[in-house]
Amino acid sequence: MDNTSNQALLKPIKVGDVSLKNRMVMAPLTRSRAEDAENAASDLHVKYYTQRAGAGLIISEGSQVSKQAVGYVNTAGIHSLAQIEGWKKVTDSVHKEGGKIFCQLWHVGRISHPDFHNGEKPWAPSAVNPNSQSFTPDGFKDTVDPHAMSLGEIKQTIGEFKQAAKNAVEAGFDGVEIHSSNGYLFHQFFNRSSNKRDDDYGGTIEKRAKFLFDVLEEVKKEVPEGRIGLRLNPSLHGVFGMEADEETIPTFEYIVKKLNAYNLAYVHMSEPFTDISDIDFLIGNIAEHFRPLYDGNLMINNGFDQKTGNKVISDKKADMVAYGKLFIANPDLPKRFAENAPLNEGDPDTYYQGGEKGYIDYPFLEEKEV
Ligand code: PHB
């Protein structure tokens, strides 16, 4: 394996307004450790993120933009004062260690449960049950038919993203990532199976994408375009309640091309989460397909290792690689890649469990050697 200077992953890059010391990004990861009544980041979060400050960029766990936006127990938020204060401690500490951190702005839409909303239905573009599950305080529960958002509720939600972006700046984040991926609210607008609207927000590709661009226009009033990233998962099918069809890839092509008009920090895309090789209307190589369509920095995610991560960058199919599970188990992942050192194994049983175990206790390289 190449030494540091030859590894594409370890070369610095400027994305929008933000200079990154390497191209290894810590992917946004739900870890369900915001266990206080406020769902605020705690001292445990400070330690967890600071341990991983060697990443070129950390993208925070998805943080709900409002009470309405929640769908999983113990996920952090970015809508209350206590949450802003909690995140401030995290960003301060990450910055002291020389790291950069964006806040992922999250709204789950219909992947929620009435238990989170005083018995009321969660909100979505249309009243279509994703037939998925929500991680409630009483364990996993089946999703329900959501409430179809009115135009007023859409406007309100766009405002909540703007406010959350403002909160993220106040909390000291270097930027924000709009979580328009993985079957959550934006994705529910994009796909025909979840969006049956016949108003300005549904019907055609342009109208199904409108919610995203409306949010982007508002968020950029609070955060410069060069500090905004955005996440997309075009080939998601059969998981997170998402059903794709032959208009799905053209929808994402439209979105990605339209994003060229913005000088974003990056667009973050995922390779398929499941085997979609028998579905002819989906695409199995997202970086390769979308790279020529997008003029800005492309971040790619899902299933990459040291070798394939370096290759996707040297082949010019992406500019950065986001690592999830590898960063959970290896707080010093860039150092390990630089030294071609062995990696720790992650423990999936502790991914979503509360507390310190499997969160802040993975060994660093030096500690292993003693
Ligand atoms: C998860 O908790 O499994 C999860 C959350 C957000 C995502 C993807 C997966 O975008």
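Scroll up to find the structure this text is about.
So, a few notes on the structure that sits alongside this text.

About the thresholds
- Residues numbered from 1 in each chain as written.
- Predicted model: local features only at pLDDT ≥ 70, side-chain atom pairs only at ≥ 80, totals over all residues.
- Heavy atoms only, no water.
- Helix = DSSP H or I, 4+ residues; strand = E, 2+ residues; numbered from the N terminus.
- Rg over C-alpha atoms; globule rule 2.2 N^0.38 Å.
- Buried < 20%, exposed > 50% of the residue type's maximum accessible area, 1.4 Å probe, protein only.
- Contact = heavy atoms within 4.5 Å.
- Areas by Shrake-Rupley, 256 points an atom, 1.4 Å probe, with all protein chains shown as cover.
- Lys, Arg positive; Asp, Glu negative; His and termini not counted.
- Charge placed at Lys NZ, Arg CZ, Asp CG, Glu CD.
- Core = buried A, V, L, I, M, F, W, Y, C linked by side-chain atoms within 4.5 Å.

Remarks on the overall build of the chain
Looking only at helices and strands, the chain has 11 helices and 15 strands in total. Rg of the C-alpha trace for the chain: 19 Å, near the compact-globule value of 21 Å for 370 residues, within the 12% margin. Viewed in the frame of its principal axes, the chain has a C-alpha envelope of about 60 × 45 × 40 Å. Here the chain, with 370 residues, has 59% of them falling under the buried criterion. Counting contacts in the chain only where the partners sit at least 6 residues apart, residues at least 24 apart contribute 71% of the total. Accessible area for the chain stands at about 14,500 Å²; split by element, carbon and sulfur atoms hold 48% of it. Across the chain, 41 positive and 53 negative side-chain charges occur, with their mean positions spaced 4 Å apart.

Observations regarding the nonpolar core
Grouped together as the largest cluster of nonpolar side chains are 89 residues, with contacts concentrated most on Leu232 and Leu259. The element best represented in this core is helix α5 (residues 205-219), accounting for 7 residues. For Leu259, the contacting residues outside a window of four places in its chain are Phe213, Leu216, Leu230, Leu232, Leu264, Val267 and Tyr294. Core analysis: the second largest hydrophobic core is formed by 14 residues, Leu20, Ile59, Phe102 and Met299 among them.

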